[in-house]
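Descriptive analysis of the structure
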Amino acid sequence: MTRVAMLALSTCLGLATAAQAETISVRTFPGPVEVETMPETTFVYDMAALDTLDALGVPGLTAISDTYLPYLSDYAGDIGTLFEPDFEAINAAQPELVILGGRSQPHLEDVQRIVPAIDMTIWGDDIIGQGLERLQAYGRIWGLEDEAAALHQQVEDAIAAATRAAEGKGDALIVLTNGPKVSVYGRGSRFGWLHDLTGLEEAAGDLTAETHGEAVSFEYLREIDPDWLLVIDRMAAIGGEGPNARATLDNALMHETKAWQSDQVIYLDAGPLYIAGGGIQSTLQTLETLRSALAAGGD
């Protein structure tokens, strides 16, 4: 091939690559942001985002040194932590996009001074709705709209299945254990969607939407006496030391509750739910755990 022909081919390839990438507007946590599509290298500091990007099959991802979740561990890299990006690593690598969210959110402006970055935090009283919105945005950024639509449908189907399983099954109380301590959550909280999407009524209807739940006693849990307990073990989620949820709840007061006596205590997989809440795989897994347990009990 002549030099002229080679230059012409190189020019054509460059034009083709440029044609594939474009700038689009996507919704982020702060609002609409212009993002260049088809980034080949992406640093991810939010596990809900990484969960969904993994489900989509997005290439070129690098995440924090400890992802907390075994199914995302292959993405671990030396680029910082869930709370603190390594700015030197970002500057040296110059990734085409950085995704922050939740715990890393405060560093958005600092990262944006180095490379393009977006805040894809999922927070508030519509966790799953926001998660699906993020899914659509990632599908548009990486040209994976069909894959995103298929995953969206899987979530809708899982919600419908969990709702059917919850019909006529009574009420529930969401309990988070943190070693020996317990907190409860209701509608409007970070875990309130467990009520909203299944239709399970709240056993306690006067809970505020606190970030860390309302600290309660075992006497309170016995008094509320829910039909179902939906349990999230924070220690298991973060790999902390202390008694696990089963040990914490195994006491005389809890033994008097309907949920315990009816074997209607559902131990949710805490890691995906607590660390990657709103992520597509986290959502599907949690909904299936609920569906399976509700379908098997309370008949």
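Going by the structure above, here's the rest.
The following paragraphs examine the structure supplied in this document. (Residues numbered from 1 in each chain as written. Predicted model: local features only at pLDDT ≥ 70, side-chain atom pairs only at ≥ 80, totals over all residues. Heavy atoms only, no water.)

The subject of this paragraph is unusual backbone geometry. Of note, Asp225 is a non-glycine position whose phi angle comes to about 50°, a positive value. With respect to the helices and strands, Asp225 occurs in the loop between helix H8 (218-224) and strand E11 (228-233). Given the relative accessible area of 21%, Asp225 is considered partly exposed. If you check the backbone angles, Asp263 has positive phi at about 55° while not being a glycine. (Helix = DSSP H or I, 4+ residues; strand = E, 2+ residues; numbered from the N terminus. Buried < 20%, exposed > 50% of the residue type's maximum accessible area, 1.4 Å probe, protein only.)

Under the defined criterion, the tally for this structure stands at two aromatic pairs. Of note, Arg190 hangs over the ring of Tyr274, and the distance from its end group to the ring centre comes to 4.6 Å. (Phe/Tyr/Trp six-rings, centres within 6.5 Å; stacked < 30°, edge-to-face > 60°. Lys NZ or Arg CZ within 6 Å of the ring centre and 35° of its normal.)

Relative to the 24 Å expected for 17 residues at 1.5 Å per residue, helix H14 (residues 280-296) spans 24 Å between its end C-alpha atoms, a close match to the ideal helical length. Within H14, burial applies to Ile280, Ser282, Thr283, Thr286, Leu287, Leu290 and Leu294. Taken down its axis, H14 places every buried residue within 160° of arc, on the same side. (Expected span 1.5 Å × (residues − 1). Arc of directions from axis to C-beta.)

Relative orientation of the contacting elements helix H2 (residues 47-56) and helix H5 (residues 127-141) amounts to 50°, with a least axis distance of 10 Å. Accordingly, the angle class assigned to the pair H2 and H5 is oblique. For the element pair H2 and H5, the recorded crossing hand is right-handed. On the side of H2, the interface is formed by Ala49, Thr52, Leu53 and Leu56, while H5 contributes Leu135, Tyr138 and Gly139. (Axes fitted to C-alpha atoms, helices over the stretch in contact; angles between N-to-C directions. Parallel < 35°, antiparallel > 145°, perpendicular 65-115°, else oblique. Left-handed = near helix turned anticlockwise from the far one by under 90°. Contact = heavy atoms within 4.5 Å.)

So, on to the pattern of salt bridges. Taken as a whole, this structure holds eight salt bridges when the rule is applied. A salt bridge links Lys258 to Asp227; the nearest nitrogen and oxygen atoms lie 3.4 Å apart. Here Asp227 lies in the loop between H8 and E11 and Lys258 lies in helix H12 (residues 258-261), a separation of 31 residues in the sequence. Linked through salt bridges whose partners overlap, the residues forming this network are Arg27, Glu133 and Arg134. (Salt bridge = Lys/Arg side-chain N within 4 Å of Asp/Glu carboxyl O.)

Functional significance is not addressed by these values, which are geometric in nature.
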